[in-house]
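Residues per chain, in single letters:
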Amino acid sequence: MENVIIIGTGCAGWTAAIYTARANLEPLVISGEQPGGQLTTTTDVENFPGFPEGIMGPDLMMQMQQQSEKFGTRVEYDMVSEVKKCEDGTFSLKTTGGKDYQAKTVIIATGASPRHLGLPNEKELIGKGLTSCATCDGAFFPDVPVCVIGGGDSACEEATFLTRFASKVYLIHRRDELRASKIMADRALANEKVEPVWNSQVTEYLTDDEGNMRAVKLENTETGEESELDVKCVFVAIGHIPNTSFLESSGIDLDENGYILQDGHSTVSNIEGLYSAGDVADHVYRQAITAAGNGCQAALDAERYLTDLEG
Ligand code: NAP
């Protein structure tokens, strides 16, 4: 029987591991599909306090892991497929690797994944001109036209960033007004390389003979008119999907978009002993530092729960 199982290895998961390990709870971390989480797909992280020169995303995650292992964290590279509360108050977990675990308390820190449009050839195009990460892939497309899909802060941030490399950045939005905050929208639209394409939905990704992105097919959402736009890379920035599908049978309360509901300012869920941390429960801030802070909170909540159990 484990004291605490932490599911997920992003900022929230590793911070929860550091805190619970330092409390001598010998946490077990189960890695998830993308060990290290979303920061492993970024380059320079310049806004995580303590690194005035910035730090590479994968390096930051590796250092968090090392820090947690130094205090006794154990790691299993597997995917949790089910979490259930048992009649005796403990939790049983199943993994896709065929393992079963028992724990007194569980912290879910499985993050969120970038949303895609759901077009047919999406999977094959990833790495061939379709991505959700401008910071990772922008530099691979110098002096060519690219596009960003979306109208939120992410889309504007990515569009502005991409002007460092691309010859032209089309910002394709399904309405004629951006959802992004004024400062981000103004910054993107003021850049002469950014050209908004209003009231437009991408309906097809078009490829060249080698299967690389060549253009997108657009449909005007007002008139239904179709057109083609030549781009070498498409950056999709239409939000994220929380990784909670494996919790279907757990009985945990989710909001209408699938994010775990936390009780007030704590990481407590509707199930005693089951906590959440980071982007899996946060669709507002979604920052490395807020996820880390939330991981710390979850560890403290779980520690108190275990102390009460013993008391
Ligand atoms: P978001 O605010 O939810 O925006 C998603 C955008 O994608 C919206 O413009 C939406 O269109 C569009 N969209 C959604 N589904 C679509 C579809 N199927 N086809 C075409 N377009 C679609 O997501 P986000 O930009 O990732 O931001 C999420 C949160 O993180 C926000 O709270 C944001 O403020 C924050 N954030 C902050 C910063 C920063 O401050 N530096 C940077 C990035 C993100 P509609 O507008 O028509 O709904």
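Note that the coordinates shown come from a computational prediction; the quantities given were computed from them, not determined experimentally.

Parameters and conventions
Once a new chain begins, its residue numbering starts again from 1 and follows that chain's sequence as written. Reporting of local features is limited, given that this is a predicted model, to residues whose pLDDT is at least 70; pairs of side-chain atoms are given and counted only at 80 or more, and all residues count toward the totals for whole chains, interfaces and linings. Side-chain measures were taken over the full set of non-hydrogen atoms in the model, leaving aside hydrogen atoms and water. Segments assigned H or I by DSSP are reported as helices when at least four residues long, segments assigned E as strands when at least two residues long, and all are numbered from the N terminus. Only C-alpha atoms enter the radius of gyration; for comparison, a globular chain is expected to reach 2.2 Å times N to the power 0.38, where N is the number of residues. Burial classes follow relative accessibility: with a 1.4 Å probe on protein chains only, a residue under 20% of its type's maximum area counts as buried, one over 50% as exposed, and anything between as partly exposed. The contact criterion used is simple: two residues touch if any of their non-hydrogen atoms lie within 4.5 Å. What sets the accessible areas is the Shrake-Rupley method with a 1.4 Å probe; for residues, cover comes only from the shown protein chains. Counted charges follow a simple rule, with Lys and Arg positive, Asp and Glu negative, and His plus the chain ends left uncounted. Charge coordinates come from a single atom per side chain, which is NZ of Lys, CZ of Arg, CG of Asp or CD of Glu. What marks off one domain from the next here is an automatic or database domain assignment. Between the N-to-C directions of two axes lies an angle of 0 to 180 degrees, each axis being a line fitted to C-alpha atoms and, for a helix, fitted only over the stretch in contact. Angular relationships are summarised with four words: roughly parallel below 35 degrees, roughly antiparallel beyond 145, roughly perpendicular across 65 to 115, and oblique for the angles in between. Handedness of each helix crossing follows the sense of rotation of the near helix against the far helix: counterclockwise by less than a right angle gives left-handed, clockwise gives right-handed. Asp, Glu, Lys and Arg are counted as charged, while Ala, Val, Leu, Ile, Met, Phe, Trp, Tyr, Cys and Pro are counted as nonpolar; the rest, among them Gly, fall into the polar class. One heavy atom within 4 Å of a molecule or strand makes the whole residue count as near it. Distance and chemistry together define a polar contact, namely a pair of N or O atoms within 3.5 Å, with one atom able to donate a hydrogen and the other to accept it when in protein, and with adjacent residues in sequence counting only for side-chain atoms on both sides. Definition used for salt bridges: Asp or Glu carboxyl oxygen within 4 Å of a side-chain nitrogen of Lys or Arg.

A. Looking closely at the overall build of the protein chain. Secondary structure assignment for the protein chain yields seven helices and 19 strands. Computed over C-alpha atoms, the radius of gyration of the protein chain comes to 21 Å, within 12% of the 19 Å expected from 2.2 N^0.38 for 311 residues, which places it in the range of a compact globule. Oriented by its inertia axes, the alpha-carbon framework of the protein chain measures out at about 65 × 40 × 40 Å. Across the 311 residues that make up the protein chain, the buried fraction comes to 48%. Partitioning the intrachain contacts of the protein chain with sequence separation of at least 6 by distance along the chain shows that 58% fall at a separation of at least 24. For the protein chain, the exposed surface amounts to about 15700 Å²; the carbon and sulfur share of it is 47%. Counting 24 positive and 48 negative side-chain charges, the protein chain places the centres of these two groups 1 Å from one another.

B. Inspection of the domain arrangement of the protein chain at higher detail. The domain boundaries assigned to the protein chain delineate domain 1 (2-114 + 240-310) and domain 2 (122-236). When each unit is reduced to the centre of its C-alpha atoms, the spacing between domain 1 and domain 2 is 33 Å.

C. Structural context of the packing of helix α1 (residues 11-22) against helix α2 (residues 57-70). At their nearest, the axes of α1 and α2 sit 8 Å apart, and the two run at 20° to each other. Between α1 and α2, the angle is such that the two are roughly parallel. For the pair α1 and α2, the sense of crossing is left-handed. Along its contact with α1, which presents Cys 11, Trp 14, Thr 15, Ala 17, Ile 18 and Ala 21, the element α2 presents Met 61, Met 64, Gln 65, Gln 67 and Ser 68. A per-class count over the contact of α1 with α2 returns seven nonpolar, four polar and no charged.

D. Focus on the site of the ligand. By nearness alone, 19 residues border the ligand, and Asp 153, Ser 154, Arg 175, Arg 179 and Arg 286 come closest of all. Arg 175 places a polar side-chain atom, nitrogen or oxygen, 2.8 Å from an oxygen atom of the ligand. With respect to the ligand, the side chain of Gln 201 contributes an N or O atom lying 3.0 Å from a nitrogen atom. Out of a free accessible area of 910 Å², the ligand has 73% covered by protein chains. Per-element tally for the shell around the ligand: the top contributor is helix α5 (residues 153-162), with three residues. Split into classes, the residues belonging to the shell around the ligand amount to five nonpolar, eight polar and six charged.

E. Expanded view of the pattern of salt bridges. Applying the stated rule across the entire model yields eight salt bridges. Lys 182 is the salt-bridge partner of Asp 186, the closest N and O atoms lying 2.6 Å from each other. Taken together, the residues span about one helical turn, with Asp 186 and Lys 182 both in helix α6 (residues 182-190) at a distance of four residues. For the salt bridge of Lys 217 with Glu 204, the shortest nitrogen-to-oxygen distance reads 3.7 Å.

F. Expanded view of the environment of Ala 281. Along the chain, the position of Ala 281 falls in the loop between β19 (274-276) and α7 (288-310). Looking at Ala 281, the relative accessible area reads 16%, which means it is buried. Residues Ala 281 and Tyr 259, 22 residues apart in the sequence, show an inter-C-alpha distance of 4.9 Å.

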